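# Per-entry structural report
One letter stands for each residue in the lines below.
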Amino acid sequence: MQSDITRAIANSGKQFGQFDEVEMMFIEEELSLHGEFLSDLFVESIEQMRLRKTDELIDNISFHTSISKGNKPKLTFSFPSHGRLIEVNYFKKSQRSIFEAIDTDKVVWGINQAKKARKKKKDTRWYTRNVYGSINRLLSRLATNYSEAEIARLKLIIERTSLRNSSKVTINI
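A few points on the structure. Just so you know, these numbers come straight off a predicted model, no measurement behind them.

Counted by the stated rule, this structure contains eight aromatic pairs. Ring geometry for Phe26 against Tyr146: centres 5.0 Å apart, planes inclined by 55°, an arrangement best described as tilted. Of this pair, Phe26 sits in helix α2 (residues 21-48) while Tyr146 sits in the loop between α8 (135-144) and α9 (148-167); the two residues are 120 residues apart in sequence, bridging distant segments of the chain. For the pair formed by Phe26 and Tyr146, the shared burial category is buried. Judged by centre distance (5.2 Å) and plane angle (70°), the rings of Phe42 and Phe77 are edge-to-face. Taken together, the residues span a long stretch of sequence, with Phe42 in helix α2 and Phe77 in strand β2 (residues 72-78) at a distance of 35 residues.

Residues Tyr132, Ile135 and Leu139 make up a contiguous nonpolar surface patch of roughly 320 Å² in combined accessible area. Examined against the element boundaries, Leu139 turns out to sit in helix α8.

Along the chain, Asp59 falls in helix α3 (residues 56-59). Residues Asp59 and Phe79 lie 20 residues apart in sequence; the distance between their C-alpha atoms is 8.7 Å.

Quick notes on the rules
Residues take numbers from 1 onward in each chain, read along the sequence in its written order. Local features in this predicted model are restricted to residues whose pLDDT is 70 or higher, and side-chain atom pairs enter the listing and the counts only when it is 80 or higher, whereas totals over whole chains, interfaces and linings include all residues. Based on all heavy atoms of the structure, the side-chain values leave hydrogens and waters out of the count. Centre distance within 6.5 Å is the pairing criterion for rings of Phe, Tyr and Trp, where only the six-membered ring of Trp is used; planes under 30 degrees apart are then read as stacked, over 60 as edge-to-face, and the remainder as tilted. Secondary structure counts use DSSP, requiring at least four H or I residues in a row for a helix and at least two E residues in a row for a strand, with both numbered from the N terminus. Accessible area is worked out with a 1.4 Å probe on protein chains only. A residue is then buried under 20% of its type maximum, exposed over 50%, and partly exposed in between. Only residues whose relative accessible area exceeds 30% and that take part in no salt bridge are eligible for patches, with like-charged residues grouped when within 9 Å of each other and nonpolar side chains (Val, Leu, Ile, Met, Phe, Trp, Tyr) grouped when within 5 Å. All accessibility values rest on the Shrake-Rupley procedure with a 1.4 Å probe; residue burial counts only the protein chains present in the view. Basic side-chain nitrogens of Lys or Arg form a salt bridge, by our definition, when they fall within 4 Å of a carboxyl oxygen of Asp or Glu.

Now the structure itself:
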């Protein structure tokens, strides 16, 4: 199943990843909306998981959209590095000593001791769960919102912007 954007690219004779001005404007708008959605999700997850000691992480989550070399749109998030380290530490295995690993009573005497209650690790996956969990939402919005009405709206914006810019005369002496 091809999306409208992919079909439009195929019909225009362009290669995938090369977009015209209207398509780029649409993609950039959708990425910006997705960035706002993800920022809200991040803050909500951090608060629900009680991962904050101060508001430094929540206050410093930001994003921006850009077009990289080769006409490739990007959505980039930035936040303090300790916020990501919280999540990375979730996946680290706890190290046990050799005495905990071998139950000598069980080996020698065949006695089963009551297992010590192990502390359950707190789920700290606030970033990856939200980013990868929302990719299908972004793809769906890109595929379904690119309609004839949206194309007309974007062309009108581009036309008005170009008229405004062409009416300005700059003289350098």
